[in-house]
Amino acid sequence: MATDKWNATALPDLTGRTAVVTGANSGIGLKAAEALARAGAHVVFAVRDPERGRAAAATVHGSTEVRRLDLADLSSVREFAADWQGELHLLLNNAGVMMLPEQRTRDGFEMQFGTNHLGHFALTNLLLPHIADRVVTVSSGLHRGGTGVIDFADLNRTANYSPTGAYAQSKLANLLFTLELQRRLTEAGSPVRATAAHPGYAATNLQSHAASPLSRLFMKFGNRFMAQDDKAGALPTLYAATQDLPGASYVGPDGFQEMRGAPTLVGRSAAASDPEAAKRLWTVSEELTGTQFPLETAVRG
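So, here's what we can say about the structure.

Conventions we followed
- Residues numbered from 1 in each chain as written.
- Predicted model: local features only at pLDDT ≥ 70, side-chain atom pairs only at ≥ 80, totals over all residues.
- Heavy atoms only, no water.
- Buried < 20%, exposed > 50% of the residue type's maximum accessible area, 1.4 Å probe, protein only.
- Helix = DSSP H or I, 4+ residues; strand = E, 2+ residues; numbered from the N terminus.
- Contact = heavy atoms within 4.5 Å.
- Phe/Tyr/Trp six-rings, centres within 6.5 Å; stacked < 30°, edge-to-face > 60°.

**Quick notes on helix H8 (residues 235-242)**
- Burial analysis of H8 places eight of its eight residues in the buried class, which makes it a mostly covered element.
- Every buried residue of H8 is listed here: Leu 235, Pro 236, Thr 237, Leu 238, Tyr 239, Ala 240, Ala 241 and Thr 242.

**Quick word on the side chain of Ser 140**
- Summarising the element assignment, Ser 140 is placed in the loop between strand E5 (131-138) and helix H5 (163-187).
- The contacts of Ser 140, once residues within four sequence positions are left out, are Tyr 167, Lys 171, His 198 and Tyr 250.

**Structural notes on the packing of aromatic side chains**
- By the definition in use, this model includes six aromatic pairs.
- Ring geometry for Phe 121 against Phe 177: centres 5.8 Å apart, planes inclined by 65 degrees, an arrangement best described as edge-to-face. A residue pair is termed long-range when its members are at least 10 positions apart, and Phe 121 in helix H4 (residues 111-127) and Phe 177 in helix H5 qualify at 56 residues.
- Overall, the relative accessible area of 0% leaves Phe 121 in the buried class.
- Clustering of aromatic rings is evident, with ring pairs tying together Phe 121, Phe 177, Trp 282 and Phe 293.

In structure tokens, the structure reads:
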């Protein structure tokens, strides 16, 4: 039956373009990398484990390469960015960890906030002088969860750690990062656009690392009976990366409660739309990572 729903066959010709996909060795990252390579892009698998990355890249038809990147280690982020040469058209901030037991990154940050937000924050700022088109950051519908706001007094969640609350805060941070990044890009007169996406409920291996056995059991059931597959889960990311959308757009599935379906523009919480919180988070993130927005503000006539 014919359908007018957007899918990966509608991707434009990406020949001559380069894309970096963090966490491209599995899940929606791999499916996004496959689709981009099939459309003609040269896709860089930015992965913590190069051996797994090479095994994944070997399954993809098209131009690929694998580079090591550990988002939980800022020295690895800096090394990845320092080695980059030439133009980069698409940066897909896709990698993430979800609902982990309490852990710390190599730099001492709470693992989910440090990996999902701070690692990508630093990577984006360090690569931004090379980026020509789009920065897409993968968030989640769960950005509405937890306390629903950024706990600036305890970003590392040391007082009352909750795997779900820490994950929700990191995903809210992804949306605030996108909001403030776009504001800064616009102010600098840059043509680069920052967008965000969420996959809905997609069956991937991400859920298997949840701290709670009950959560893992529920997610296993959900993956089997409720979720869409990872190929469908990658569509919002691909849509946000390649379609003519306003800066700071947020893309998710169009189905019931945004759990599954074709990609479309979706809403976000009031906290995720707060420009003052976005600016405050940016300032704190600069201090924590030692990275800054690298573009100068455009001179207005």
